[in-house]
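# Understanding the architecture of this molecule
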Amino acid sequence: MSAPSDPAAAAGQAPAPAAASAASSSSGLTFKLHPLVIVNVSDHHTRVKAQAACSGDSSSSSGTAAAQPPRVFGCVIGVQRGRTVEIFNSFELVLDPVSGTLDRAFLEKKQELYKKVFPDFYVLGWYSTGSDVQDTDMQIHKALMDVNESPVYLLLNPAINLSQKDLPVTIYESELHVIDGSPQLIFVRSNYTIETVEAERISVDHVAHLKPSDGGSAATQLAAHLTGIHSAIKMLNSRVRVIHQYLVAMQKGDIPVDNSLLRQVSSLVRRLPAMESQKFQDDFLMEYNDTLLMTYLAMFTNCSSTMNELVEKINTSYERPATRRGGRGAFM
């Protein structure tokens, strides 16, 4: 489900930046952000951007200029243990495109569904996309204060900056500051660290190495990736075989000796790492034996599962009601 753009963007105007302090937060909270949140926000933005591009293509024929990709909005959920706030997941929000108000019914329904699956998680704040904090952000932030009295604001900058090494993610807290003699609620930056578990690490590594293709599934991309590696190894093997056959023919005298080519082959061979050490042999045999052991265990597991299914079928076939003659019980 895609969230609508904010009111300023819907009116065709660029949203005005809001007041955000450059100072760090003084709350003393420690934030831990899981990669799943970043993946969810990025996926949300990509889907809305693709939908907007399709709408722009359909309206371009009538002469309407394509609008900027709308911003996306959602809630971040997780747990807080003492002074440590850990953000685990997120879900999307629906905003009214005119007034910019939250769809309370949708938010409460999402909260109820997530509470059934993750009873320990609760709403920690919200997220959005953009290069900077906007004026309308504080309105949404205040609207979520009845869910969490001190919500956090996660902002993802979708613009690609090749010179930037850090993640384009900023976490803000809200603090009450006196500005021009009147108290105002403003955003202040908070530091965070990336926290991963094993499943997330595997998923992020998979996404990092497999580039998205033409809408194929992850299994299709993995198969294409492994097929490419297999083709490269196969081609390398054929090239090495050609060189080997050429050297054998040269050694037998079938073809004349080419000293220049021999020097190139000798230089190429010297670049290969020397793997004839005893430590390498021991490590290689250990890895090989571990692989065989895992293979045997998998075979035993499959065999045990098949035998278990067979026993259940035999028991089902030989079961007789107690009122039948003979009184034969289960086979096993």
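- Per an unreviewed UniProt entry, the protein is named COP9 signalosome complex subunit 6, and its organism is Urochloa decumbens.
- Listed in UniProt under the heading Function (unreviewed entry), the comment for the protein reads: "Component of the COP9 signalosome complex (CSN), a complex involved in various cellular and developmental processes."

### Some words on the environment of E86
- Along the polypeptide, E86 turns up in strand β4 (residues 84-92).
- Among the residues examined, E86 registers a relative accessible area of 11% and is labelled buried.
- Spatially, the C-alpha atom of E86 lies 9.7 Å from that of I194, the residues being 108 residues apart in sequence.
- Ignoring anything within four residues of it in the chain, the contact list for E86 reads K32, H34, I77, G78, V79, R81, L124 and E195.
- For E86, the side chain forms a polar contact with the side chain of H34, separated by 2.7 Å.
- A distance of 3.1 Å separates the side chain of E86 from the side chain of R81, its partner in a polar contact.

### So, the pattern of salt bridges
- Using the criterion set out here, one finds 5 salt bridges in the structure.
- A salt bridge links R47 to D43, with the shortest nitrogen-to-oxygen separation between them at 3.0 Å. In this pair, R47 and D43 are both assigned in helix α2 (residues 35-60), 4 residues apart and thus about one turn of the helix distant.
- Measuring nitrogen to oxygen at the nearest pair gives 3.1 Å for the salt bridge that ties E86 to R81.
- A relative accessible area of 53% places R81 in the exposed class.
- Via salt bridges that share partners, D43, R47 and E92 belong to a single interconnected network.

### Describing the pairing of β4
- For β4, the tally of buried residues reaches 8 of 9 residues, placing the bulk of the element in the interior.
- Bridging between strand β2 (residues 30-33) and β4 involves 4 bridges; their strand directions are parallel. If you follow L33 over to β4, its bridge partner there is I87.
- Looking at chain direction, strand β3 (residues 73-81) and β4 are connected through 8 bridges and run antiparallel. Paired with V76 across the two strands is S90, which belongs to β4.
- In sequence, β3 turns back onto β4 through a hairpin of 2 residues, with G82 there showing a positive phi of about 70°.

### Points about a nonpolar patch on the surface
- A surface patch of nonpolar side chains, about 660 Å² in accessible area, is lined by L293, M294, Y296, L297, M299 and F300.
- Examined against the element boundaries, Y296 turns out to sit in helix α8 (residues 278-318).

### Description of the confidence of the model for the protein
- Of the residues in the protein, 75% reach a pLDDT of 70 or more, and the chain-wide mean stands at 78.
- Confidence over residues 1-17 falls short of pLDDT 50; this stretch has 42 contacts with residues more than four positions distant or in other chains.
- This stretch, residues 61-65, has a pLDDT under 50; its non-local contacts, to residues over four places away or in other chains, come to 1 contact.

### Things to note about the environment of V169
- Tracing the sequence through the fold places V169 in strand β7 (residues 169-179).
- Taking relative accessible area as the criterion, V169 reaches 6% and is therefore assigned buried.
- A sequence separation of 13 residues divides V169 from L156, and the C-alpha atoms of the two residues are 4.6 Å apart.
- Not counting the four nearest positions on each side in its chain, V169 is found in contact with L33, I38, L154, L155, L156 and Y192.

### Describing the packing of aromatic side chains
- Under the definition given, this model contains 10 aromatic pairs.
- Consider the rings of F73 and W126, whose centres lie 6.3 Å apart with planes at 20°: the pair is stacked. Residue F73 is located in strand β3, and its partner W126 is located in strand β5 (residues 122-129); the two are separated by 53 residues in the primary sequence. Neither F73 nor W126 differs from the other in exposure class; each is buried.

### Thoughts on the nonpolar core
- Counting residues in each nonpolar core, the largest one holds 22 residues, and the members touching the most others are C75, F91, L93 and Y153.
- Every element with two or more residues in this core is listed here: β3, β4, α3 (104-117), β5, α4 (135-143) and β6 (152-156).
- The dominant element in this core, judged by the number of residues it contributes, is β3, at 4 residues.
- In contact with C75, other than residues within four places in its own chain, are N89, S90, F91, L93, L107, V123, G125, W126, Y127 and L144.
- L33, I38, V72 and V152 belong to the second largest nonpolar core, which has 17 residues in total.

Calculation notes
- Residues numbered from 1 in each chain as written.
- Predicted model: local features only at pLDDT ≥ 70, side-chain atom pairs only at ≥ 80, totals over all residues.
- Heavy atoms only, no water.
- UniProt positions renumbered as here; feature names shortened; annotations may be inferred.
- Helix = DSSP H or I, 4+ residues; strand = E, 2+ residues; numbered from the N terminus.
- Buried < 20%, exposed > 50% of the residue type's maximum accessible area, 1.4 Å probe, protein only.
- Contact = heavy atoms within 4.5 Å.
- Polar contact = N/O pair within 3.5 Å; in protein donor to acceptor, adjacent residues only side chain to side chain.
- Salt bridge = Lys/Arg side-chain N within 4 Å of Asp/Glu carboxyl O.
- Pairing = 2+ DSSP bridges.
- Patch = residues over 30% accessible without salt bridge, like charges linked within 9 Å, V, L, I, M, F, W, Y side chains within 5 Å.
- Areas by Shrake-Rupley, 256 points an atom, 1.4 Å probe, with all protein chains shown as cover.
- pLDDT = per-residue confidence, 0-100.
- Phe/Tyr/Trp six-rings, centres within 6.5 Å; stacked < 30°, edge-to-face > 60°.
- Core = buried A, V, L, I, M, F, W, Y, C linked by side-chain atoms within 4.5 Å.

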